[in-house]
Amino acid sequence: MEETTFTKRQVLRKSAISFAIFILVGFMVYFGYQWVKRQPKIAGAPRPLRESLNFNEQVSSRLFDSSRLVKEYPVSAAEKKVRFNGSDGLRDSVNSGTWRLRVVRSAGDTLQISLSELKALPKKEIVFDFKCIEGWSQVTHWGGVPMKTFIDHYRLGPESQLKYMGLQTPDKGYYVGIDMPSALHPQTLLCYEMNGRALPLREGFPVRLIIPVKYGIKHLKRIGTMFFSNEKPPDFWAERGYDYYAGH
Amino acid sequence: MKTIVKKHPLAIRWFHWINFPVLACMIWSGLLIYWANDVYKITVGGKLLFKFFPESFYKALNVPFRLAEGMSWHFAMMWIFAVNGLLYVLYTFLSGQWRYLLPNRRSMKEAWQVLLHDLRIRRFEQPFLKYNGAQRIAYTTILVMGVGSLITGLAIYKPVQFGFLTWLCGGYEWARLEHFALTIGYVLFFLVHIVQVAKAGWNNFQSIITGFEVKKPAADTKTTDKH
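Residues numbered from 1 in each chain as written. Chains lettered and ligands numbered in written order. Predicted model: local features only at pLDDT ≥ 70, side-chain atom pairs only at ≥ 80, totals over all residues. Heavy atoms only, no water.

Engineer: Please explain helix α2 (residues 47-63) of chain A as it appears in this structure.
Structural biologist: The end-to-end C-alpha distance of α2 of chain A is 24 Å, a good match for the 24 Å that 17 residues give at a rise of 1.5 Å each. If you check which residues of α2 of chain A are buried, you get Leu49, Arg50, Ser52, Leu53, Asn56, Glu57, Val59 and Ser60 of chain A. The inward-facing, buried residues of α2 of chain A abut α1 (8-38), β2 (41-42), β3 (45-46) and β8 (164-168) of chain A together with α3 (67-95) and α6 (133-157) of chain B. (Helix = DSSP H or I, 4+ residues; strand = E, 2+ residues; numbered from the N terminus. Expected span 1.5 Å × (residues − 1). Buried < 20%, exposed > 50% of the residue type's maximum accessible area, 1.4 Å probe, protein only. Contact = heavy atoms within 4.5 Å.)

Engineer: Which parts of the structure should I look at to understand the interface of chain B and chain A?
Structural biologist: Interface size, as often reported, equals the accessible area lost upon joining of the parts. Of the residues lining the interface, 45 residues belong to chain B; the matching set on chain A comes to 47 residues. Both faces combined, the contact of chain B with chain A buries some 4100 Å², and carbon together with sulfur accounts for 66% of it. Where chain B packs against chain A, one counts 1 salt bridge. Here chain B and chain A share 13 residue pairs in polar contact (both at pLDDT 80 or more) between them. Secondary-structure elements contributing two or more residues to the side of chain B that touches chain A are β1 (2-6), α1 (10-35), α3, α6, α8 (172-200), α9 (202-210) and β4 (212-214) of chain B. (Buried area = accessible area lost by both parts, 1.4 Å probe. Salt bridge = Lys/Arg side-chain N within 4 Å of Asp/Glu carboxyl O. Polar contact = N/O pair within 3.5 Å; in protein donor to acceptor, adjacent residues only side chain to side chain.)

Engineer: For this particular structure, what's the right way to read the confidence of the model for chain B?
Structural biologist: Detailed reading of the predicted coordinates is not advisable wherever pLDDT is low. When pLDDT is averaged across chain B, the result is 91; 94% of the residues are at 70 or more. A low-confidence stretch, residues 219-223 of chain B (pLDDT under 50), is modelled with 5 contacts involving residues beyond four sequence positions or located in other chains. (pLDDT = per-residue confidence, 0-100.)

Engineer: What should I look at first to understand the sheet that holds β4 of chain B in this one?
Structural biologist: To summarise the sheet geometry, strands pair through backbone hydrogen bonds and adopt either a parallel or an antiparallel arrangement. Pairing is antiparallel across the open sheet formed by 3 strands, whose spatial order is β1(A)-β1(B)-β4(B). Where the open sheet ends on each side, the last strands, each with one partner, are β1 (3-6) of chain A together with β4 of chain B. Each strand of the sheet is rotated relative to its neighbour by a mean of 30 degrees, with strand direction disregarded. Bridge count between β1 of chain A and β1 of chain B: 4 bridges; the pairing is antiparallel. Looking across to β1 of chain B, one finds that glutamate 3 of chain A is bridged to valine 5 of chain B. (Pairing = 2+ DSSP bridges. Axes fitted to C-alpha atoms, helices over the stretch in contact; angles between N-to-C directions.)

Engineer: In this structure, what is going on with unusual backbone geometry? I would like to understand it.
Structural biologist: Backbone geometry follows two general trends: most residues other than glycine have a negative phi, and most peptide bonds adopt the trans configuration. Residues phenylalanine 205 of chain A and proline 206 of chain A are joined by a peptide bond in cis, for which omega reads 5 degrees. Note that proline 206 of chain A resides in the loop between β11 (197-198) and β12 (208-210). Between phenylalanine 52 of chain B and the following residue, phenylalanine 53 of chain B, the backbone shows a cis peptide bond with an omega angle of -5 degrees. Structurally, phenylalanine 53 of chain B is set in the loop between β3 (47-51) and α2 (55-61). Non-glycine residue arginine 222 of chain A carries a positive phi angle of around 50 degrees. By the element assignment, arginine 222 of chain A lies in the loop between β12 and β13 (225-229). By relative accessible area, arginine 222 of chain A is classed as buried at 3%. Even without a glycine there, the phi angle at arginine 120 of chain B is positive, about 60 degrees. Relative to the helices and strands, arginine 120 of chain B is located in the loop between α5 (107-118) and α6.

Printed below as a string of structure tokens:
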């Protein structure tokens, strides 16, 4: 290794400079961290962290192919005991006869679609690894109308040109916003069946969203209203510090 | 007059000290995330040996119910962790520093001798200035682990877009376990690293800040530096 000779003073000076920079940068890191934590919160996350989540979203939506398919499994691989998590938006009673999916095309122009009308559309089944943002996952089996089929059938083409789809439960107790490419993903379903039977109440009877390219927080149970927007629709968990995109 | 020996290039010192707080933040935020689904444990013959982690541990560190906070830090710092790590690898290979880092034919034997020495079983005078065999193996392993954390991390973060990586890791749940195990590995490495640095003394420690070591006038043929 390279050797050099210096006076004692010179060596001391070199060390002092290095240590001064080391300590200075150390303080900067510490105060930088404290600064981030002190920043005003935007939807539950300090501004710089919220901005970095949004930056990641931009990177994802620019670099990635949003039509990539999620891996599917045989029906036999599906879990019979489906894990239940979260009942926000499900506290009212619901009646499948009177329930309607309200699709807001524009102000004062709302479609009302019944369960039997939905069931009359072509059905698709999917068995995939459902992933919760908490970190667990489960292979589960769902059936319903592909969102794309639904949009085409009800001639919602112009609305689907907007950037986002918003969904709410009938009581507005739970709500999500979905970027349109994910909403129109071929595996996204307006789902009315689990394991080949009608959805259980706690799984979102009569109709829920199944969107395999997103974490479970986006799979809204018991859809009441659907609308379209260029602004990000309100999102229950994104208001509580989570990533808005929450996609895979 | 003093003779100094150049040991760590400026770039490597920066990479090292940037990585320290960044990795600390990744481990801490990772713990906040892990808590939300803390399923890993060590069992021997059906008997629980250790649960990752005991409630008291979470409580002491104020971990519970901070998943969103953990994710937001984790997915911000991941960029710095990845870029700093990649620059370190690039620099190490382009500058020729890899010659000091990668294990060679002697490293295995030397690492064994270092281990015996450290366990006070047999004395071993280290003939090299920069890294001994044990260090070469340890620091190269940590580099490979860093790459592993990136791969397993991407496999969990974007399992659809990086489906190939998820498959490579043996699936989503395996990837998460591997990501976790690597983190435990960093913590164990850190503990050993700290003990070794403390044992090696001030002259060695200050070289990762100043870049050089001062050669002792009497022992100009034998420098016993490590770590």
